Structure formats: structure tokens, C-alpha cells
Amino acid sequence: MYPLLCALPLMLAQLWRAHWSVATTLLCLLVPMALPLGAQAAAPLVLTQDSPQVDAWQAITLKADPTYQLSVQDMLGRLDQFEAPTRRGGSLGVHKAAMWLHIPIIAPKALSTPWVVDVGFSSLHAEIYLASGGQVIQQVRTSQPGQTQLSSRTPAMAFDLRAGQPYDLLIRVQATGPLILPITVSEMPHQMRQALGEQMLQGLLNGLALCLLVYSLIQWVTQREPMFGFYALVVLGSTGFSLQFFGIGAQFLWPGNPWMGRYAGLAAGLTALAGSFLFLGHTLADNTQSSRYARTMQAGAAITAVVCAAVMLGGLSVPIAIVYMSLVGPLPSLISLPAAIVRVRQKDAIGTTLLVAWVAFGVAAAVMVCLVQGWVPANFWTLHSFQFGATVDMLLFFRVLGLRAKAVQAKALEAIRERDLMHSLAHTDPLTGLSNRRGLQHALHAALAQCSPQRMVAVYLMDLDGFKPVNDAHGHDVGDDLLVAVGQRLQSHVRHQTDLVARLGGDEFIVMARDLATTHQADELGRSLLQAFERPFMLSHLSIRVGLTIGYALAPLDSDDAQHLIRLADAAMYAGKGGGKHSIRRNAGELALSS
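Values in this document were obtained by computation on a predicted structure and should not be read as measured data. (Residues numbered from 1 in each chain as written. Predicted model: local features only at pLDDT ≥ 70, side-chain atom pairs only at ≥ 80, totals over all residues. Heavy atoms only, no water.)

Asker: Where do I start with the overall build of the protein in this structure?
Answerer: When helices and strands are counted, the protein shows 18 helices and 21 strands. Buried residues in the protein amount to 53% of all 595 residues. In the protein, of all internal contacts separated by at least 6 residues, the share reaching a separation of at least 24 is 75%. When the accessible surface of the protein is totalled, it reaches about 26,400 Å², and 60% of it is carbon and sulfur. (Helix = DSSP H or I, 4+ residues; strand = E, 2+ residues; numbered from the N terminus. Buried < 20%, exposed > 50% of the residue type's maximum accessible area, 1.4 Å probe, protein only. Contact = heavy atoms within 4.5 Å. Areas by Shrake-Rupley, 256 points an atom, 1.4 Å probe, with all protein chains shown as cover.)

Asker: Help me understand the confidence of the model for the protein, please; the structure alone is not making it clear to me.
Answerer: Keep in mind that low pLDDT regions are not for reading the predicted coordinates in detail. Chain-level statistics for the protein give a pLDDT mean of 85 and a share of 90% at 70 or above. The model gives residues 1-40 a pLDDT under 50, and that stretch makes 142 contacts with residues more than four places away or in other chains. (pLDDT = per-residue confidence, 0-100.)

Asker: Help me understand the pattern of salt bridges, please; the structure alone is not making it clear to me.
Answerer: Between side chains of opposite charge, a pair can form when the charged atoms approach closely. Inspection of the entire model under this criterion finds twelve salt bridges. A salt bridge links Lys 577 to Asp 463; its shortest N-O distance comes to 2.6 Å. Remark: Asp 463 occurs in strand E15 (residues 456-465) and Lys 577 occurs in helix H18 (residues 562-578); sequence separation between them is 114 residues. For Asp 463, a relative accessible area of 12% puts it in the buried group. (Salt bridge = Lys/Arg side-chain N within 4 Å of Asp/Glu carboxyl O.)

Asker: Would you take a moment to explain the sheet that holds strand E16 (residues 500-505) for this structure?
Answerer: Backbone-to-backbone hydrogen bonds pair the strands of a sheet. The strands run either parallel or antiparallel. Across the sheet, which stays open at both edges, the five strands sit in the order E16-E17-E15-E20-E21 with mixed pairing between neighbours. With one partner strand each, in any of the chains shown, E16 and strand E21 (584-586) form the two edges of the open sheet. Within this sheet the neighbouring strands show an average axis-to-axis angle of 20°, counted without direction. Pairing geometry for E15 and strand E17 (residues 508-516), over seven bridges, is antiparallel. Bridging from a neighbouring strand, Met 462 pairs with Phe 509 of E17. On top of the sheet, helix H17 (residues 519-531) reaches E15, E17, strand E20 (547-555) and E21; it is set at about 160° to E20, its chief contact. Each of E15, E17, E20 and E21 touches H18; the most contacted strand, E20, lies at about 145° to it. (Pairing = 2+ DSSP bridges. Axes fitted to C-alpha atoms, helices over the stretch in contact; angles between N-to-C directions.)

Asker: How should the nonpolar core be read in this particular structure?
Answerer: As a rule of thumb, soluble globular proteins bury nonpolar side chains together. Counting 53 residues, the largest nonpolar core has Leu 101, Ile 103, Phe 159, Leu 181 and Ile 183 as the members making the most contacts within it. Dropping the residues within four chain positions of it, Leu 101 is found in contact with Trp 57, Ile 60, Thr 61, Leu 62, Phe 82, Leu 169, Leu 170, Ile 171, Val 173, Leu 181 and Ile 183. Ranked by size, the runner-up nonpolar core spans 46 residues in total, among them Val 235, Leu 278, Leu 354 and Leu 396. (Core = buried A, V, L, I, M, F, W, Y, C linked by side-chain atoms within 4.5 Å.)

Asker: Explain the side chain of Asp 507 to me, please; I cannot follow it from the model alone.
Answerer: When you line up the elements, Asp 507 lands in the loop between E16 and E17. Of the buried charged residues, Asp 507 lacks a salt bridge, with Lys 577 as the closest side chain of opposite charge at 5.7 Å. Setting aside residues no more than four positions away along its own chain, Asp 507 makes contact with Met 462, Asp 463, Leu 464, Phe 467 and Leu 483. (Lys, Arg positive; Asp, Glu negative; His and termini not counted.)

What follows is the structure, encoded as C-alpha cells:
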């Protein structure tokens, strides 16, 4: 779950994953490893029930086999040639040879339970031999996790000792990556508790990654948001790395499958790299997909996908793919760094979170590099530093995902608000806040589509009686206040669920009423509107009276066309004006329409 901040940690991680050592071999030439100092006789490792676990490195001596041909019998005859390591922290770095480790052991008193020698690193080939008197009495060979007698995640062998009899443990290890060897000798119950604890930890961390993967996939499918799909790629790659690096995959998911052992980690690394390109590119790009940054990140993801497919299909060798990852691995973070810094300067939490994630991953990767070099001891924290750092990175990326989704949602809501505002401006009268002619047309067409003789629609067109004298006598401000008050009074006398009040312009208003069961109900509604204007309007210190003349038509009885209904109502209103004002008339088609 990481964009791979610096090239060296990426090279180490991917080299372990694909069992190759191009970059770390070069590193070994620059920094001395835990090479032997000289021939020394090591004191035997004393096993007692008082100490259920002992660190084997206090008694280990080493001998390299550059020919890869020497057998355990050859080594038993050369025990005097074994030499003490320069450091006893549990890491030998990278060697172009098979390494033999000798551990003399003895149990002064009878042991009540079997003991277990455990090589606490899964990404290597190991052979473990127990010898006494120059003869091998027990052995275990493993090339993958789960192939030992204990079916453990790491190479291990259980054994019993006779009290007072000296034994020799010989361990042959070989790997094209770094030899990280936290070797312990423990009572079996103690070793089993530790193994169960490690399995629980791996279950917790990988289970967390699986939950995030499933969540992101569900969000991607349901929301059609590419960002969730890109995040899923990064989580998938990170999880694949952990499963391979800690031996969980080979132990449980693909036991005995050499192809998966060789390619699973490599494919996971390339998937994480491609996902990092896409996720960071989508998160930090501006709104234009044609930006140079976005195109660069998309190109990096596409090339990485091609490399992954070529390796899986046998068209590209693993070493070349590893070199590609070594060179390209840091690019997603390096290319994205300027964009992240810009976000930080803008006080955008996304940029800050990404920088914290990269720093956390960089620290974890630095600890792992120090472990490979033997500068720090191989213990629980250093062995898991890379996984812990990747988990923190993964969770911080998840926060970025949430922040980005929140930003996208905020933009969408802003766009909706702007759209609603534009719609409101286009369909609302700015003075009264009522619907305008366009808003009325939209609502009327919708109502007519559902009207019937049992659910009639009435259109009441009304004109104020005596508005012009008020406007001339008191000014346009009072006239505008009066129009607002008229609109409010009309709204207070209609049914809010079904009816609509609109202003056509000047002192003309329209009320559209729907779901009327009878013509009598329509007439009663019109007369209630007429009666509402018998009371004066109180505007500040003024009491103003205006009348109302209403003409109306019914759909579908009089017409089922919106424009024709309005013209019928208009003709009825003008007829009422000519007949003495402050009246209501229906036009069923008998009144002449105005031109």
C-alpha cells in the first residue's frame, strides 16, 4: 500500500519478492556485510528449561560455499574452518554463495519437551541438519514455506536431545536476495505460541487490507468513481507483497506452486506500482484530464501494466522487470511531490496526508535497509517495519481517498446548487419570488399530462383592479411592495401541495390548481381568491385597497393545451374587466379570444 518513496527500499522489497538481487548486490559492494572475522571456536548453545528460547547467533559460526556443491558431510569434516561473523544481529546481507551456519548445542539436563530451531525468514531455501558424532541423525529441507515437518511459515525443525550429549546444528541457506536470519532455538510450546502470534498479526494486517480492498471495489462498482478502483490496485499489490514476503501465500494460498512462488510477488509489486501511478495521478491532477501531470502518470501506469503482462506471459525476463521496478519505483512519489507541496501551501489536507504517508514509508524502508546491512538487529520490530510502514501508508492513503471523495462530493453539491440557482433564476420572478412565465409553463405541462375529467386542472388568470393609481400616487417602491403582498396573499389562499401561483409581469398573476374533482370546486376556489382581496393591504403606514378580476378555464373540459387554456382564461378576464371588474368568469370556449 505504498507509492514507493525511494528507489533503494523499492529495489529491496521487489528483489525479495521476486528472488532477485540486482540492486542489493551493488549495495553490498559499497558497504561491508556481516562477513566472518576468522576461525574461532564458538561456545555451545546451552538449552535449559529455565530459558525457553535462546538466540542462536551467540553461538553461530559461518562458512560460505561459492560452488553450491558441498554437502552436509563435507561441512561436518570442516567444522574447524567455520568462522565467527562480524555482527551477530541476524543479517548476512547478499552473498553469491550458499551459506552454512554451525550451531553447537548441548542440554545439560533432560528436556521435558521437544525443541525447535526456527529460521525466522521465509524468502529463502534452507536445509537444517542435526548431527552428533559426525553423523546426521535428523534433517529438513525446504524451498517454500509450509514444506517443513511443522508446516510452518518459516524453515523450522523440531528435535529431541539426550542430556549431556553435544550436538551440531548445521543450517544451509541460499537466496538471491538478502539473507535475513533471525534464528532462534525454543521449546516447542514457546515456539508454537510465537508462531500463532505471528499468524494472528498477519491475519490482522492482511485482513485489514482485505477489508479495504473489498470496500474500495464495492465503492468503485456502485459509484463508478475511478479513484476507488485505483486504490484497490494499490491495496491488492501491497497485500500480495505481504503474503509473499512473510510466507503466508506459499503456506496457505498456493502451497507447492513454484510459478506463484516466483511470480506472485513480482506481479504484486508491478500492480502496486501501476496503482500508485493511477491513484496519485487521479488524486492530485487538476480538473483537466489533459494536464501534463495526468498524462505522465497515466503513461507510467500503462507502461507498468505492459511490463507486468510481458513478464507473466514469458515475453520479458524477471531480471529486466526488476531493473524496471528499481528505476521506475520512486517515480510516482517524485513526480507527485511538487503537486503535493502545492496542496500543502493551499492548506489542503490531501497534500499534507500524502507527505506524512511518504515520510512514514521512508522511515520504514530505511529501517529495512539497515536490517539488510546488519546495522540493526533482526527482531520483531525491524522485521515488520516495512509491513507496519506499508500499513500506515495504506491507512493514510485511505484518508486521502476519503478527503478526495469529500472534495468531489463538495464540488458536485456546489454544481447542483449552481444548477438549482440558475434554474430558479430562469423560472422565478425576481420581485415576488413566485414562478415566472417559464416556471408556469413547465408546471402546467406536467399537470396537463396527468389531468382527467376526475382530476381537472384550472388556470386562473387575474389582473389587479386599481393598481396603476396606487403606483402613480405612492411611487414604484410602494407598487413593488404591493405586488409582493398580493403574491403572498394569493399563496395563502391556495393549496400548497397541488396549486401554483405565478406572476406573468406587471400586475398580472396566474394561479394553476390541479386535482379538482368538479367544476363547482374550481368555481369555489376562484371565488375564495376574489374574496381574499376584499380586505385592504397594510404597507407600512399605508392601507391600500385593490380589487381583482379573474378569468379561468378548465382542462380537459375547455382545452387540454397549455397555451390555449391561458388564452381562454385571458379572454374571460378581459370580459370581466369590461363587465365591471372585481369578478370571476370561466371561458368554456364561448368568449372570443384576443388576437
